[in-house]
Amino acid sequence: MCGIVGYVGKKTAQDVLVGGLRRLEYRGYDSAGIATLDDNNEAHIARSVGKIAELANVLDGAPQTGHLGIGHTRWATHGGVTETNAHPHHVKNIYMVHNGIIENYKELKAELSDKGYEFASDTDTEVLAALIDSNYTDGVTLKDAVAKALKRVRGTYGIAVFSPKEPGTLIVARLGSPLIIGLGQGETIIASDASALLGYTREAIYLNDGELAVCNKDGAEVFTLGLKHLDSKPETIEGDLAQIQKGGYDYFLLKEIMEQATTLHNTLSGRIDPKAGKMHLGGPNLTEKEMRDIRHVVIVGCGTAYYAGLLASYYMEQLVPDLTTEVVIASEYRYRSFHLPKNSVALIVSQSGETADTLACLREIKKRGVKTLGIVNVVGSTIAREVDGGTYVHAGPEISVASTKAFTAQVVAMLMFAGMLSEYHGGDPKLVAEFTRELSILPEEIEKNLETHRATMEALAKKYSKYDHALYLGRDTAFPISLEGALKLKEISYIHSEGYASGELKHGPIALVDDRFFEVFNILDNWLFDKSCGGLHEVRARGGKTIVLTDSKADIEADDIVRIESPIKHLAPILLNTLQQLFAYYIAVDRGNDVDQPRNLAKSVTVE
Ligand code: F6R
């Protein structure tokens, strides 16, 4: 996600900020900027779209000399990738950078507009800067103004703020978005990620959620938002640069699997209301009539994005009674002589937003006059720009080639679209409310599930890593995740693996069962439970080695069983899938593979 750096001390702030932003480049970003305060108390801002090198070019032409400043790499969430939307944002006396999402920014923006504030960007950050400024009246300190403003905010933030009215002071605060204060000799460096602090200091205060700090060159004082002084003890930053960038994990893949609870919070942020039992996506840009008229949804994607679409289509059918859904592989669909019925909508699913086949489909579909909605992660990507509307899944940068957290976010984003559609199509509000409740607890359930079963999946991976072949089997909503489980395994472990609907076993694949194979059964505790177990029995009767992943408490015979315990029912496949992700990861590690860069694969497939 976005990165923050801040500096106050004796050095030229520009150099420290740009150096720190380069350290944060690995996180992915689309634009960058810095703001500094010079010795005459004049602030200067430089921002640019693209790489830090672009920003450095801008600064070469107009160097900034001050000794205090803030910097940011932006991964767009609200508003496109433009220089105006890049941080730092400036509103009157406030200069600010922000990570996170302000959920209630629209209502705050309306209120501040009434007070005369004008907004140059589309960002939630500029609204927060204006809110702070509106509290920064005569006699009020910047610290007090920030604390007061943050009490009004719903959402997540890590912020760094300065004002020419209080030179030498940087205010930082966090809620759900990391901020670390590095304590140097006569200098203080703040960052959203410890990698930016290395080389300056290893002594740091890790700010907790709901805390705010006043920083100057001599250190920092930490407060609650209620302005109670806290006695925060500095800690030592451990590890080298590479370890820190991977969040302490050995690979980005594991980091991305383990951070799904956090990223899912961002996907859901402001889009579900568990009390009302409703879901709402802002992006589709469809009128009520258009929503009501939709009769057919075609979901387009490749690889993991296609499987996410397949799982979402099951949910869509459950939630929207009069809807036909069709899920298509982009590389095939683009060349078919397809006809889309009247009142169709196409969901174009892509993490990168650049996949050539998916993009080609989007263009083909548009030619036929059908509305296209993007389910995209990378803001400002080509697909995001070319669709008629849609939603960003806010999974944050996915660096490892194999897609994990994006799958979860894509399914959830499409589910929310279905939940919203349901209302216009006479769907069962109780069912929508059930799904909404499950979504509201899904991040915590994912986190709990991953922690509980991590060691088990590692042990299982060691047991099965020497096999040559694997079959993944499931029915109903466990079918798409079986396809996805097999894909994850094959792409990072290089074990030949196939996913099948378990009802298909006796139509062919059961002939494969022998001692070179193991079989993974995803079995859900639902109305098809007995039938799902049927496939398992058939494989066991032929001596197959079986692993069962299930949310059922019933007796099941298999070589290995992993049971999740969760109040979640409809979304249990998402939980089971996170176990499969861990399983594939640990097998790849055990086989000594390059987990983050599997052979022959690229993260963004921009060629056909
Ligand atoms: C599998 C994987 C790929 C992508 C596919 C589509 O782990 O990463 O199958 O899902 O290449 O990519 P996007 O979503 O960027 O269109």
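Report follows, based on the coordinates.

What counts, and where the lines are drawn
- Residues numbered from 1 in each chain as written.
- Predicted model: local features only at pLDDT ≥ 70, side-chain atom pairs only at ≥ 80, totals over all residues.
- Heavy atoms only, no water.
- Helix = DSSP H or I, 4+ residues; strand = E, 2+ residues; numbered from the N terminus.
- Rg over C-alpha atoms; globule rule 2.2 N^0.38 Å.
- Buried < 20%, exposed > 50% of the residue type's maximum accessible area, 1.4 Å probe, protein only.
- Contact = heavy atoms within 4.5 Å.
- Areas by Shrake-Rupley, 256 points an atom, 1.4 Å probe, with all protein chains shown as cover.
- Lys, Arg positive; Asp, Glu negative; His and termini not counted.
- Charge placed at Lys NZ, Arg CZ, Asp CG, Glu CD.
- Salt bridge = Lys/Arg side-chain N within 4 Å of Asp/Glu carboxyl O.
- Near = heavy atom within 4 Å.
- Polar contact = N/O pair within 3.5 Å; in protein donor to acceptor, adjacent residues only side chain to side chain.
- Nonpolar A, V, L, I, M, F, W, Y, C, P; charged D, E, K, R; others polar.

1. Describing the overall build of the protein chain
1) Next: Helices and strands together make up the secondary structure of the protein chain, namely 18 helices and 27 strands.
2) Next: Taken against the 2.2 N^0.38 rule, which gives 25 Å for 608 residues, the C-alpha radius of gyration of the protein chain at 25 Å falls within 12% of a compact globule.
3) Next: Counting only C-alpha atoms, the protein chain reaches 80 × 55 × 45 Å along its principal axes.
4) Next: Residues classed as buried in the protein chain amount to 59% of the 608 residues present.
5) Next: Excluding contacts between residues fewer than 6 apart, the proportion of contacts in the protein chain whose partners are at least 24 apart in sequence is 71%.
6) Next: Accessible surface, the protein chain: about 23400 Å² in total, of which carbon and sulfur atoms supply 48%.
7) Next: Averaging the locations of the 63 positively and 80 negatively charged side chains of the protein chain gives two centres separated by 2 Å.

2. A closer look at the pattern of salt bridges
1) Next: Considering all chains together, one arrives at 30 salt bridges under this definition.
2) Next: Between E386 and R363 there is a salt bridge, with the nearest N and O atoms lying 2.6 Å from each other. Of this pair, E386 sits in helix α13 (residues 382-386) while R363 sits in helix α12 (residues 356-367), placing them 23 residues apart in sequence.
3) Next: Looking at E386, the relative accessible area reads 23%, which means it is partly exposed.
4) Next: On the basis of relative accessible area, R363 is assigned to the partly exposed category, the value being 40%.

3. Concerning the site of the ligand
1) Next: Lining the immediate environment of the ligand, one finds 14 residues, of which S350, Q351, S352, T355 and E491 sit closest.
2) Next: Between the ligand and S352 there is a distance of 2.7 Å, counted from an oxygen atom to a side-chain nitrogen or oxygen.
3) Next: Between the ligand and V401 there is a distance of 3.4 Å, counted from an oxygen atom to a backbone nitrogen or oxygen.
4) Next: Protein chains shield 90% of the accessible area of the ligand, which is 410 Å² for the free molecule.
5) Next: Elements with a minimum of two residues in the shell around the ligand: α10 (303-319) and α16 (478-493).
6) Next: Considered class by class, the residues forming the shell around the ligand number five nonpolar, seven polar and two charged.

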